[in-house]
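Observations on chain architecture
Okay, here's what each chain looks like letter by letter:
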Amino acid sequence: MPPPSEPRSEPPSEPPRVKRFSRAERWIHRATAALMGLCVATAACLYVPELAELVGRRHLLVTVHEWSGLLLPVPFLLGLASPAFRADLRRLNRFGRHDRVWLLAALRRDRRPASRPAGKFNAGQKTYAGWLAGAVLVMLGTGLLMWFTGFAPLVWRTAATFVHDWLALALGIVIAGHVGMALADPEARRGMRTGTVDREWAEREHPLWRKR
C-alpha cells in the first residue's frame, strides 16, 4: 500500500495589522500637536475679547504663546535623528502621477477608493503637511519680528502683525479641518496612537503603499 500522504501545510496567514508609524514618529506628532494646541488656544484667549475677559492673566498667556511658538520646530528637529521619520519626510515631499489623480478625484468629490490611489500618504496629507510647514515658518518669523521690536522698523513690524494675525486665523481653520477628518477616521487615529493599522484599511486607503 502506498504511504499515506502527509497533510498539506497551510501558508502562514498575514497578520491582521501592519506597522505604519514608529514610536519616535508618534511622539513627534504628539509633541507638535500639544505645542500647536497651546499656540492656538493662547492666541484665541489673547484676541477674542470674551475669552480674554474669562481667562485674564494676559501676561502669562503672552509668555506661554511666545514660548510654545518658539519650541514648535523642536520636535521636528529632534525627529530628524529617526530614520523612519526621515523616510516619511521624503515620502511627504514627493508628488507623483497618482497624487494628481487623487487631487482631481477629491475636487470631483469622487470617494471611490479606486479613483484615489495613494501611497503611504495621500495627496491631501502631502498638501496639508507642506502648507503647515510653510505656515509655521512664516508664523515663527513674523512672531520674532513682533517680539524683538528693536530688530526691525515699524513698517516691518506692522506688516508682520497683519500677516501673523490673519495666518493664525487660517491655521486655526485648517487645523480644525484636520481634527475633523481625523475624528471621521478611527483607524487613522488608531494608527497614530498605536503605530499599527488594520491591513484591510491600509489596502483600501493606501493601496500603493501596501503593494510594496
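Our subject is the structure that appears above.
Residues numbered from 1 in each chain as written. Predicted model: local features only at pLDDT ≥ 70, side-chain atom pairs only at ≥ 80, totals over all residues. Heavy atoms only, no water.

1. With respect to helix α3 (residues 58-71)
With 14 residues, α3 should reach 20 Å at 1.5 Å per residue; the first-to-last C-alpha distance of 20 Å fits that figure. Of the positions making up α3, those classed as buried are Leu-61, His-65 and Ser-68. The arc enclosing the buried residues of α3, seen along the axis, measures out at 75 degrees, which places them on a common side. Packed against the buried residues of α3 are α1 (23-47), α2 (49-55) and α8 (154-183). (Helix = DSSP H or I, 4+ residues; strand = E, 2+ residues; numbered from the N terminus. Expected span 1.5 Å × (residues − 1). Buried < 20%, exposed > 50% of the residue type's maximum accessible area, 1.4 Å probe, protein only. Arc of directions from axis to C-beta. Contact = heavy atoms within 4.5 Å.)

2. Considering unusual backbone geometry
In this structure, Arg-109 takes a positive phi of about 60 degrees despite not being glycine. Along the chain, Arg-109 turns up in the loop between α6 (97-107) and α7 (123-147). Under the relative-accessibility criterion, Arg-109 is labelled exposed at 68%.

3. Considerations on the pattern of salt bridges
When the charged atoms of two side chains lie near each other, side chains of opposite charge can form a pair. According to the stated counting rule, one finds seven salt bridges in the structure shown. Linking Asp-99 and Lys-126 is a salt bridge whose minimum nitrogen-to-oxygen distance equals 2.9 Å. In this pair, Asp-99 sits in helix α6 while Lys-126 sits in helix α7, placing the two residues 27 residues apart along the sequence. (Salt bridge = Lys/Arg side-chain N within 4 Å of Asp/Glu carboxyl O.)

4. Remarks on the packing of α6 against α7
Viewed as axis vectors pointing N to C, α6 and α7 meet at an angle of 95 degrees, and their least axial separation amounts to 8 Å. In this view, α6 runs roughly perpendicular relative to α7, as classed from their interaxial angle. Here α6 contributes His-98, Asp-99, Trp-102 and Leu-103 to the contact with α7, which in turn contributes Ala-123, Gly-124, Lys-126 and Thr-127. (Axes fitted to C-alpha atoms, helices over the stretch in contact; angles between N-to-C directions. Parallel < 35°, antiparallel > 145°, perpendicular 65-115°, else oblique.)

5. Regarding the nonpolar core
Leu-35, Met-36, Leu-72, Leu-132, Ala-135, Val-136, Met-139, Leu-167, Leu-171 and Ile-175 together form the largest nonpolar core, which totals 10 residues. Contributions of two or more residues to this core are made by α1, α7 and α8. Counting five residues, the second largest nonpolar core, distinct from the first, contains Val-18, Val-197, Trp-201 and Ala-202. (Core = buried A, V, L, I, M, F, W, Y, C linked by side-chain atoms within 4.5 Å.)

6. A look at the packing of aromatic side chains
Overall, the coordinates contain five aromatic pairs when judged by the stated rule. Considering the side-chain rings of Trp-67 and Trp-147, the 5.9 Å spacing of their centres and the 80 degrees angle between planes classify their relative orientation as edge-to-face. In this pair, Trp-67 sits in helix α3 while Trp-147 sits in helix α7, placing the two residues 80 residues apart along the sequence. Centroid distance Trp-147 to Phe-148: 5.1 Å. Interplanar angle 25 degrees. Geometry classified as stacked. Residue classification places Trp-147 among the partly exposed positions, given a relative accessible area of 29%. Here the aromatic residues Trp-67, Trp-147 and Phe-148 are joined through ring pairs into a cluster of three or more. The side chain of Lys-126 reaches across the aromatic face of Phe-95, ending 5.6 Å from its centre. (Phe/Tyr/Trp six-rings, centres within 6.5 Å; stacked < 30°, edge-to-face > 60°. Lys NZ or Arg CZ within 6 Å of the ring centre and 35° of its normal.)

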